[in-house]
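# Residue-level structure breakdown
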Amino acid sequence: MLEEVERWLADRSWSAADRPLDQLLDRKRAAGTTVSVVLPALDEESTVGAIVEVVRRELIEGLPVPLVDELVVVDSGSADRTAEVAAKAGARVVHRDEILPRVPALPGKGEVLWRSLLATDGDIVCFVDADLRDFSASFVSGIVGPLLTDPDVHFVKAMYDRPLGDTPGQGGRVTELVARPLLNLHWPQLAGFVQPLGGEYAVRRSLLERLPFPVGYGVELGLLVDALHTVGLDALAQVDVGVRLHRHQDGQALGRMAAAIYRTAQVRLSRGHLVRPELTQFERGPEGFVPRTYPVDTEERPPMAGIEEYALRRVA
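Since the structure is predicted, the reported quantities are computational estimates derived from the model, not experimental observations.

Here we come to the overall build of the chain. If you tally the helices and strands in the chain, you get eleven helices and 14 strands. Scaling as 2.2 N^0.38, a compact globule of 316 residues should have a C-alpha radius of gyration of about 20 Å, and the chain matches this with 19 Å. For the chain, the C-alpha atoms occupy an extent of roughly 65 × 50 × 45 Å along the three principal directions. Within the chain, the proportion of its 316 residues that are buried is 53%. Within the chain, contacts between residues at least 6 apart in sequence are counted, and of these 75% link residues at least 24 apart. On the chain, roughly 14,100 Å² of surface is accessible, and the fraction owed to carbon and sulfur atoms is 51%.

As structure tokens, this is what we get:
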């Protein structure tokens, strides 16, 4: 590991307990900083309501100054009751296609995160996956904390244990098999991140609006790498928030995720042309293995700062 990264680990890795809530509220009130929490959601009716309720109960209601000013669920086309459950729990629900309607929406998580910048106003934007179970408010307060207390920090990732079923520490398979090797080999300054692909991170809007967004699974790696090149390692940080419990995907879904992440890294390494942006996987059928070919996400959205509607909204 680079000496620079060893120093960074000592200086820029914290625990959520290092910044008590009352300290964060004092800093927030003094600076007048606003915080938006965004939950991208697709068919998450079983978990999204509980997350919204915890954020409202512990970080909005009954506080002298709400830590969270805006709680938004962006629904990307759920077929279940995700939108209804989220709204009933107290979130503002916006459909992906209602944001920037002149630009046809593409499928993918990154697309939802990119569009959420137009649906929110906070100086700090905190993303939280909507499939978390046993959700703790520290997933929000922990990663927002450094941005409220240290003006030199611009991007904060959550770190946590990720059990796989009853086995501790076996979650994050794509992280260990794809993302971590890529980062260590090509961006060794980012080798200290425990959960580089984690969906919980808080970022200053002034940085987010300057970054391109891969539309699919590569969004977390893309934002992290581009943030490094834009603001430098010392502006990045991570906070330990405990244990992350969520729904795990099957091996083939993980394969598609891995391909998208590799593609995102490849584009950032060379900005070259992908000869064949497809991934073929195999499923056993009645007569043997059947190939299934899936497109690998190749689209990216430009920095939001260059979108006319966003510029007009910020002026207004």
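Our focus in this paragraph is the pattern of salt bridges. This model, assessed by the stated rule, comprises 22 salt bridges. The closest approach of N and O atoms between R7 and D11, which form a salt bridge, is 3.6 Å. Separated by four residues within a single helix, R7 and D11 lie in helix 1 (residues 3–12), roughly one turn from each other. For D11, a relative accessible area of 39% translates into the label partly exposed. Note that R301 and E111 form a salt bridge whose closest N and O atoms lie 2.7 Å from each other. Here E111 lies in helix 5 (residues 109–119) and R301 lies in strand 14 (residues 300–301), a separation of 190 residues in the sequence. The burial state of R301 is the same as that of E111; both residues are buried. Taken together, the salt bridges that share partners define one network made up of K109, D129, E200, E220 and R244.

A few words now on the nonpolar core. Grouped together as the largest cluster of nonpolar side chains are 49 residues, with contacts concentrated most on F155, V174, L190, F213, L221, L236 and I261. Every element with two or more residues in this core is listed here: strand 3 (70–75), helix 5, strand 5 (124–127), helix 7 (173–186), strand 8 (201–204), helix 8 (205–208), helix 9 (219–231) and helix 10 (251–270). Among the elements that take part in this core, helix 9 stands out by supplying seven residues, more than any other. The residues contacting I261, other than those within four sequence positions of it, are V174, V178, L182, L197, Y217, G218 and L221. Counting 44 residues, the second-largest nonpolar core is a separate cluster that includes V48, V68, C126 and A237.

Successive residues of a regular strand alternate their side chains across the two faces of the sheet. Bridge count for strand 1 (residues 13–15) against strand 10 (residues 236–243) is three bridges, and the pairing is parallel. The residue bridging S15 from the neighbouring strand is D240, located in strand 10.

Conventions we followed
- Residues numbered from 1 in each chain as written.
- Predicted model: local features only at pLDDT ≥ 70, side-chain atom pairs only at ≥ 80, totals over all residues.
- Heavy atoms only, no water.
- Helix = DSSP H or I, 4+ residues; strand = E, 2+ residues; numbered from the N terminus.
- Rg over C-alpha atoms; globule rule 2.2 N^0.38 Å.
- Buried < 20%, exposed > 50% of the residue type's maximum accessible area, 1.4 Å probe, protein only.
- Contact = heavy atoms within 4.5 Å.
- Areas by Shrake-Rupley, 256 points an atom, 1.4 Å probe, with all protein chains shown as cover.
- Salt bridge = Lys/Arg side-chain N within 4 Å of Asp/Glu carboxyl O.
- Core = buried A, V, L, I, M, F, W, Y, C linked by side-chain atoms within 4.5 Å.
- Pairing = 2+ DSSP bridges.

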